[in-house]
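One-letter residues, chain by chain:
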Amino acid sequence: FITLLSGCADLPIGRVIFGASIHGYVRKLGLDANDVMVGTALVDMYAKCGRVDLARMVFDGMVMRNSMSWNAMIDGYMRNGKVKDAIELFDQMPERDAISWTALIGGFVRKDNFEQALLWFREMRLSGVEPDYVTMIAVLSACANLGALTLGMWTHRFIMKQDFRDNVKISNSLIDMYSRCGCIEIARQVFKKMQWRTVVSWNSIIVGFAINGHAEEALKFFSLMQKEGFKPD
RNA sequence: AGCGUGCAUGACUU
């Protein structure tokens, strides 16, 4: 059921219909209320299909909830533009973890509210919950979009003290942040120092060169990536 | 036992 439910949001058509029919089936077995994982998967499914109202109904009907259930509901509100509801639930949550905070921060980034994202990151730091690499990706994205180089560099230094410092997605985000803040040379250094790269790493540096007016370099890296066996997407 | 693939919440670029 969980596998089916988590696939619903990716269906091209009839997502809610399909999801709801699975819901009908699991309800006969009582799993929507009594099974935390099934309940959470339902909450997530409805929220991702744009039906936060139904997500909340399932959430309220659950006998047991864990942090994943709360986080799925908070994220559901955020991705459906219900910031107030998200924050209200966030405040009611028994104990917030990094994912709860990141759901809010990333939600603000998703709707281009970068200042709010950074304000909530500040709150998170004060709360004592340690950010993880997904949190920092959201923060770097906010910095990139604001062109906030000073904060971006602070974030970079902060990341270098963490055990996810060599995470590929983090490095990709650093490249993106520096190039969008106009520091293409630092972006290039980050790229050069990477132990492993993905197609996203190449895309980020190539786009970085392009938007900073370095067409030659962009083309050079475009052919370099193919020489290294990466297929442009 | 080993290898591989998955395993309900936040998930990098275009």
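Residues numbered from 1 in each chain as written. Chains lettered and ligands numbered in written order. Predicted model: local features only at pLDDT ≥ 70, side-chain atom pairs only at ≥ 80, totals over all residues. Heavy atoms only, no water.

**Structural notes on the confidence of the model for chain A**
- The pLDDT averaged across chain A works out to 95; a share of 100% of its residues lies at or above 70.
- Confidence, expressed as mean pLDDT per element, reaches its minimum in chain A at helix H1 (residues 2-8) with 92 and its maximum at helix H5 (residues 52-61) with 97.
- Quick note on the complex model: pTM equals 0.93, ipTM equals 0.67. (pLDDT = per-residue confidence, 0-100. Helix = DSSP H or I, 4+ residues; strand = E, 2+ residues; numbered from the N terminus.)

**What to know about the pattern of salt bridges**
- Evaluated as defined, the whole model comprises nine salt bridges.
- A salt bridge links Lys48 to Asp44; the nearest nitrogen and oxygen atoms lie 2.7 Å apart. Here Lys48 pairs with Asp44, and both are found in helix H4 (residues 36-48), just four residues apart, close to one helical turn.
- Taking the shortest distance from any N to any O, the salt bridge between Arg79 and Asp75 comes out at 2.9 Å. Placement of the pair is Arg79 and Asp75 together in helix H6 (residues 67-79), with a separation of four residues, close to one helical turn.
- On the basis of relative accessibility, which here comes to 13%, the residue Asp75 falls in the buried class. (Salt bridge = Lys/Arg side-chain N within 4 Å of Asp/Glu carboxyl O. Buried < 20%, exposed > 50% of the residue type's maximum accessible area, 1.4 Å probe, protein only.)

**As for the environment of Ala210**
- Its location among the elements puts Ala210 in helix H14 (residues 199-211).
- Note on Ala210: relative accessible area 47%, which makes it partly exposed.
- It is 15 Å that separates the C-alpha atoms of Ala210 and Met225, two residues lying 15 residues apart in sequence.

**Overview of the protein's contact with RNA strand B**
- Around RNA strand B sit 29 residues, and of these Asn71, Asp132, Tyr133, Asn172 and Asn203 come closest.
- Among the atoms of RNA strand B lying within 4 Å of the protein, the sugar-phosphate backbone contributes 45%.
- In the model, a phosphate oxygen of RNA strand B is placed 2.8 Å from a nitrogen or oxygen of the Lys48 side chain.
- In this structure, a sugar or linking oxygen belonging to RNA strand B sits 3.4 Å away from a side-chain N or O atom of Ser204.
- Partitioning the surface near RNA strand B into residue classes produces 11 nonpolar, nine polar and nine charged. (Near = heavy atom within 4 Å. Polar contact = N/O pair within 3.5 Å; in protein donor to acceptor, adjacent residues only side chain to side chain. Nonpolar A, V, L, I, M, F, W, Y, C, P; charged D, E, K, R; others polar.)

**A few points about helix H8 (residues 98-110)**
- Here H8 is 13 residues long and its end C-alpha atoms lie 17 Å apart, about the 18 Å a rise of 1.5 Å per residue gives.
- Taken across its 13 residues, H8 has 11 buried, putting it largely inside the fold.
- All of the buried residues along H8 are Ala98, Ser100, Trp101, Thr102, Ala103, Leu104, Ile105, Gly106, Gly107, Phe108 and Val109.
- Buried positions along H8 lie against H6, helix H7 (83-92), helix H9 (114-127) and helix H10 (133-146).
- Between the side-chain oxygen at the start of H8 and the backbone nitrogen of Ile99 there is a gap of 3.1 Å, and the oxygen is on Asp97. (Expected span 1.5 Å × (residues − 1). Contact = heavy atoms within 4.5 Å.)

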